[in-house]
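# Results of the structural survey
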Number of protein chains: 6
Amino acid sequence: MSKHVRIITPHVTPAPKKLLEVEDLIGLADLEFTQVNIETGPISIESEFDDVLCAPGVLARALQAEEDGAHAIIIDCFGDPALHAAREIVSIPVLGPGETTMRVATLLGHRFSVVTVLDSVVSILENHAKIYGVHDQLASIRVINTPVRSISHDINEVATKLTEQAVLAIRQDRADVIILGCTGFLGVSEVIESNLKKEGLPVPVINPLRTSVMAAVMMLQLGLSHSPLSYQPPSRKPITGYTMPSLAKKSVNRDRL
Amino acid sequence: MSKHVRIITPHVTPAPKKLLEVEDLIGLADLEFTQVNIETGPISIESEFDDVLCAPGVLARALQAEEDGAHAIIIDCFGDPALHAAREIVSIPVLGPGETTMRVATLLGHRFSVVTVLDSVVSILENHAKIYGVHDQLASIRVINTPVRSISHDINEVATKLTEQAVLAIRQDRADVIILGCTGFLGVSEVIESNLKKEGLPVPVINPLRTSVMAAVMMLQLGLSHSPLSYQPPSRKPITGYTMPSLAKKSVNRDRL
Amino acid sequence: MSKHVRIITPHVTPAPKKLLEVEDLIGLADLEFTQVNIETGPISIESEFDDVLCAPGVLARALQAEEDGAHAIIIDCFGDPALHAAREIVSIPVLGPGETTMRVATLLGHRFSVVTVLDSVVSILENHAKIYGVHDQLASIRVINTPVRSISHDINEVATKLTEQAVLAIRQDRADVIILGCTGFLGVSEVIESNLKKEGLPVPVINPLRTSVMAAVMMLQLGLSHSPLSYQPPSRKPITGYTMPSLAKKSVNRDRL
Amino acid sequence: MSKHVRIITPHVTPAPKKLLEVEDLIGLADLEFTQVNIETGPISIESEFDDVLCAPGVLARALQAEEDGAHAIIIDCFGDPALHAAREIVSIPVLGPGETTMRVATLLGHRFSVVTVLDSVVSILENHAKIYGVHDQLASIRVINTPVRSISHDINEVATKLTEQAVLAIRQDRADVIILGCTGFLGVSEVIESNLKKEGLPVPVINPLRTSVMAAVMMLQLGLSHSPLSYQPPSRKPITGYTMPSLAKKSVNRDRL
Amino acid sequence: MSKHVRIITPHVTPAPKKLLEVEDLIGLADLEFTQVNIETGPISIESEFDDVLCAPGVLARALQAEEDGAHAIIIDCFGDPALHAAREIVSIPVLGPGETTMRVATLLGHRFSVVTVLDSVVSILENHAKIYGVHDQLASIRVINTPVRSISHDINEVATKLTEQAVLAIRQDRADVIILGCTGFLGVSEVIESNLKKEGLPVPVINPLRTSVMAAVMMLQLGLSHSPLSYQPPSRKPITGYTMPSLAKKSVNRDRL
Amino acid sequence: MSKHVRIITPHVTPAPKKLLEVEDLIGLADLEFTQVNIETGPISIESEFDDVLCAPGVLARALQAEEDGAHAIIIDCFGDPALHAAREIVSIPVLGPGETTMRVATLLGHRFSVVTVLDSVVSILENHAKIYGVHDQLASIRVINTPVRSISHDINEVATKLTEQAVLAIRQDRADVIILGCTGFLGVSEVIESNLKKEGLPVPVINPLRTSVMAAVMMLQLGLSHSPLSYQPPSRKPITGYTMPSLAKKSVNRDRL
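Figured I'd write up the structure that's included with this text.

Conventions used here
Each chain carries its own residue numbering, running from 1 in the direction its sequence is written. Just so you know, chain letters begin at A and ligand numbers begin at 1, following the order they were written in. Two thresholds apply to this predicted model, a pLDDT of at least 70 for residue-level local features and 80 or more for giving and counting side-chain atom pairs, whereas whole-chain, interface and lining totals are computed over all residues. The basis for every side-chain value is the complete set of heavy atoms in the structure, and neither hydrogens nor water enter the calculation. Copy-to-copy superposition: least squares on the C-alpha atoms, limited to residues that have pLDDT of at least 70 in both copies. It only takes one pair of heavy atoms within 4.5 Å for two residues to be counted as in contact. Throughout, the accessible surface (probe 1.4 Å) given up by two parts as they are put together, summed over both, is called the buried area. Whenever Lys or Arg places a side-chain nitrogen within 4 Å of a carboxyl oxygen from Asp or Glu, that contact is recorded as a salt bridge. What qualifies as a polar contact is a pair of N or O atoms within 3.5 Å, subject to a donor-acceptor requirement within protein and to the restriction that residues adjacent in sequence count only when both atoms come from side chains. Secondary structure elements follow DSSP: runs of H or I of four or more residues count as helices, runs of E of two or more count as strands, with numbering from the N terminus. Strands qualify as paired when DSSP identifies two bridges or more between them. Fitting a line to C-alpha atoms yields each axis, with helices limited to the stretch in contact; the angle taken between N-to-C directions then spans 0 to 180 degrees. Throughout this description, buried means an accessible area under 20% of the type-specific maximum (1.4 Å probe, protein chains only), exposed means over 50%, and partly exposed covers the range between.

### Side note on the relation of the copies chain D and chain B
- Here chain D sits on chain B after a turn of 180° about the axis and a move of 0.0 Å along it, with an RMSD of 0.0 Å. Here the copies are linked by what is in effect a two-fold axis.
- Of all interface residues in chain D, 100% are interface residues in chain B too; the two copies therefore contact each other through one and the same surface.

Laid out in structure tokens, this is it:
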């Protein structure tokens, strides 16, 4: 049976290269990928402010994805905007690259570091690590001081900077695993892994978008989705100013019996 | 010097009684209070979904408040929607009743419980407690199974249910301090405190809106506001679909020197 | 490309039904499964004593699996015997159902419980949860007081007992996700999930063997394996009394550069 | 209604400048301040030994303060000597600058550092942070190697040293908020805040005495005091060698009903 | 070589039976025991207030013990009054029964409970467990609601009540080890251990005074005492109202080289 | 009464000098020491792989020790191989130097460091610290990059390297107490303590084998052994390939009454 994974890119900048990052996974298990951007919001996500402005658009796209018959949703941003809210309103699995890669990293080694874009996202990601329960295994978050929109200008330079920070994370912060902390770092995970190997540091380098897709496949193949007790369906009530597709998810009550 | 505190109620339901809850504090230090609702969003906040939909409206109101010359902002909901994002974009203190009361509770006793509306908010508040770093002092979150919009229908019954849960929190969960976990619980904190006293349990009962206002006064009087290193001003970049007042806050860089 | 997953059952009792539990996953990505038992050790794993006695056999089988060209190894016991040691000596991914399911559970909900066989394994699993860093999300470990060797005698009764404990875990311990805590619980995960749904508790029930296999597939598809900095290859030195296949893994040094 | 805040300086050295530090707060809410020293104890508090010797004097002053009709008590030392014991014996709020500023710091940013006098107090304050539950948010405690009694000799040099340590706390230890860790650092908080701003680090600098006074005002205005379940009134029994004013506080019992 | 252990009972009530509790240990390693009470303070320790009032007397006795040539000091109260301060001023080991037994308990099993006198000491002991770093292994603190001065009136009834609470600690709170949480529980540890065995619960029951003495012997035999970096000697300075034997301990500086 | 302590050295290399390390303790309390090696396993323990291969031999020796009438067992390796399993199968106390010294260290100061042999054991010891519940007090684990079998070649050089790492642990990592992290570091603890004193750092240096022996003496003198609820006796069942002395320990059930 074919499985359809919808990638929701939570900003308004078109992202044609996203599907290239995962296209080799299509052969596996009759996977089908589609990608959409949101319609309202910022051009990139680098702050809590950006997170707030993109989140309603993500929810609209999540409801639409379930209506379209998608089997799983990937929110294509390491900041996992609207992740928990989306899980409340759809029944299919919703994966965020931030959460997914941090959990996969703990499966690969004792301590991990995230190498990412800007100092402004460090506190946000640390708070996420606290909620996800992986903060004690987070060796460090290191940044290359490059805004998201500049990544594609010189991807080679970005790969070099990411390697530099990864080396410091391993040697100074005692990381055993490296996570690329932005889904805009396209096509560089293998380069960085190879660079680190040349430095005598053959550690796993985790690609956020590909890893999220494979975690979604794992969940689909196992018939698993998020617990409705953790992500309880919202009650229906009037909303002003948003035209959301209707909420269909049934509510659950731990205390019913 | 007069101090102007702006209360932003993050839903679209008019809330005329909010100012009554704090009007006796006006005499103190030439305080002035104003209250506004948001223009787009749900009628109450009881899920991550509601949180996402109210948050852009809160940010618009926060920017407006600073432009209006307000000296501090209270986000009038225990779920603290858009709290961190608002701190990124304005320089004046922004207080959330959830965070504020949990911190004040730790000043009053070793363990606190929150008594609130619905089971659907429990995980949200627990995650907040983890980010705020007070989870180890949180004895429990207990609910009365009453949606926000029904609170005002029979406030006496609500007070009775809150007292019942508070007694259980103290006796079974070993709470030493009680927090009322919804800013819609208007006018009942003293009743509940008095009820508990009659039960032989004279513990502090924390009123979320009043406590947030007084914490704002404390910060204003001390000339303190949030650290721009924790809440870094977002960079300016195009946003589609929102007309935000312009972002004026200057960026800060820990590594500058 | 075909992927070969070797399942190592770490006791001496033949386990012909193991492959049935995962055979429907074969279609996915040209997977191939093989299963072996160990040659020396106990008939089941229910204590640290059993763990010690099965562990050398697991390591011999792990080395052999890599020599046989297997692409990944599953240690077929929830107690994850010899997991870290096996990762030290082979380069292919080694998955333990205990660790894997606890991490997947945290991806599905805020708190999970394990329902398992005997009180004697509770401390062992709690210590594992501490090492894996998921102890704060562990709601409880509950037991059905049935030894491993009795599970297959009346699998329906086992399913009933597991459902009972799962209901208590959800209602009393506030679990949002249930893990079946023994890989001998064959063919019952769907029954239990269905039983819980009938109770009004539609939570995910995690099957340990299937989940471990799919996590291995995820790692293979992503080209990921364990960090050699976390699991450093042992130096070669004389060993008395064991005939281990030779250790081929190259050592790594964080401090080399 | 006028509110009377009694500042108890827990050493025998007269401290005439203390009231100057807070006198501008008098206008607020009809505040009245009085300050007393203790009669027996050391000349400054820089060790657990000093803490023990000043504590009985603090308790005598606390009982006297309540008899005098004071509405709140500030223990004027960052080491919070006799804080919990004082809360046991009086009903009015008792604030310690160590606890109060650490909690207020967490309201202002994600991580804070304390800059203080001597290495001998570091362990003491770290242990306090563990009891107060804020240890995970404590970036560091840094010292200027100046004993308390030397602070007033050259307050400008002290301010310079404090600024130096604050810069290191921000840059090396990743603090977002700075606490001045001695109530003897009089009149320098604004200078240090201004120094840091010139360095491009506009972070909040928390003045311990002023902040404690305003936290007391907040509690008085809200009608809150410490939970008698956390700080249970001692039973009356013979005491040899101390002439304490009589204990009037009524005992409380969580288990009564 | 004979070793002299000084037991300091931190209240003014004569305690002639204390030495009986440990006299059978005298044969070991030429041990010599002496016991003294303090001269000023309460008749028992059941609150932070009592702790403050007994602490100066404990310090005077600690200095005297070292002058007398004692080789180790036991502070004979489970609340460990003045423990850290005493370590600052003498070079010989100072043991507190609270800290010592909690650490020994963690050597005997995964989780321990304390059974003690009154609800008023629970928070105090929990805070101690946080400072000592054993709070995560503390299953519960349970009380028999008997004040210290009433213990000796009917020691059999006390033993019965302690057994009852111990059974609940094991069955309900999942304790694996029991600590008697008051050094006034003389001569009952074996009775309680035997009672528990009859209930089918053969768990270790830790006697606080005997265990502290043996931990002191261990430290003396190993030539170990407390780190002067953790417990730094106070500087000499004027003290009003106390006549302390002179402080002889030399100061230490981590930063010297 | 004479007490017999059996030291089990968990590798196959003869270790004649072990008894010299503790012989001066014999006078104390009629102690008798015997030492045995295991018969099958590696020549030293420096990995999880080594741990697995030595563990069955340790269990055989533990059962034999109890049959021989020994009163306590020391597992003579800082990695504590088979520690929990051995406690399951014998009733006498079983001490591991890793666990014992980490607990004793916390009795001596606020933070400790371990100085040990190779980088390959660091993760293993950190995981042990997590299980033992002392990870928050562990300042660092530092290594001298010397394999176990090379220690005796130049013990003076080893002492020099250990001193160097201890100094760094104290100055850079803020350790207050030093643990020698290998029981092969024979005869050097006093040298290192003396070296540190000359550097102005008079901190306790903990000798793992001697400390474990004295902790065993403490437990014997107090009549204490491990809780059978934490270390439950394994059920009897067929084992292939091992000839274990018979398991005599009776099982225990928390739920019996």
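### A closer look at the interface of chain D and chain B
- Each partner contributes residues to the interface: chain D has 55 residues there, and chain B has 55 residues.
- Carbon and sulfur atoms make up 62% of the surface buried where chain D meets chain B, a total of about 4,600 Å² over both sides.
- Summed over the shared surface of chain D and chain B, the number is zero salt bridges.
- Scanning the region where chain D abuts chain B turns up 14 residue pairs in polar contact (both at pLDDT 80 or more).
- Of all the secondary structure elements, the ones that give two or more residues to the side of chain D that touches chain B are helix H3 (83-89), helix H4 (97-108), helix H6 (155-171), strand S9 (205-206) and helix H8 (208-222) of chain D.

### Digging into the sheet that holds strand S9 (residues 205-206) of chain B
Residue and element names in this part refer to chain B.
- Taking strand neighbours across the sheet as the criterion, the four strands line up as S7-S6-S8-S9 in an open arrangement whose pairing is parallel. Looking at strand neighbours, the two that pair on one side only are strand S7 (138-143) and S9, the edges of this open sheet.
- Bridge count for strand S8 (residues 177-180) against S9 is two bridges, and the pairing is parallel. Paired with isoleucine 179 across the bridge in S9 is isoleucine 206.
- Running over the sheet, helix H4 (residues 97-108) touches strand S6 (112-116), S8 and S9 and is turned about 165° from S8.

### A look at the side chain of A:His11
All names here are of chain A.
- Relative to the elements of secondary structure, histidine 11 occurs in the loop between strand S1 (3-9) and helix H1 (18-22).
- At a separation of 3.3 Å, a polar atom in the side chain of histidine 11 contacts the main-chain amide nitrogen of threonine 13.
- Setting aside chain neighbours within four positions, we find histidine 11 in contact with Asn37, Ile38, Pro42, Ile43, Ser44 and Ile45.

### Topic: unusual backbone geometry
- For B:Asp80, which is not glycine, the phi dihedral falls at a positive 50°.
- Along the polypeptide, B:Asp80 turns up in the loop between strand S4 (72-75) and helix H3 (83-89).
- The backbone phi angle of F:Asn145 is positive, close to 55°, even though this residue is not glycine.
- Counting through the fold element by element, F:Asn145 comes out in the loop between strand S7 (138-143) and helix H6 (155-171).

### Details of the arrangement of the chains
- Nowhere do chain C and chain D come into contact; their C-alpha atoms are at least 15 Å apart.
- At the level of C-alpha atoms, the two units chain B and chain F stay apart, their nearest approach being 15 Å.

### Some words on the sheet that holds strand S5 (residues 94-95) of chain F
All names here are of chain F.
- The strand order S2-S1-S4-S5 describes an open sheet built from four strands, whose pairing is parallel. Of all the strands in the sheet, the pair left with one neighbour each is strand S2 (31-37) and S5.
- Note: strand S1 (residues 3-9) against S2, seven bridges, orientation parallel. Bridging across to S2, arginine 6 finds its partner in threonine 34.

### What about the pairing of S1(A)?
Residues and elements named next belong to chain A.
- Buried residues dominate S1, accounting for seven of its seven residues.
- Neither face of S1 is open: one carries Lys3, Val5, Ile7 and Thr9, the other His4, Arg6 and Ile8, and all of them are buried.
- Summarising the sheet, S1 and strand S4 (residues 72-75) pair through four bridges and their orientation is parallel. Bridge assignment links isoleucine 8 to a residue of S4, and that residue is isoleucine 75.

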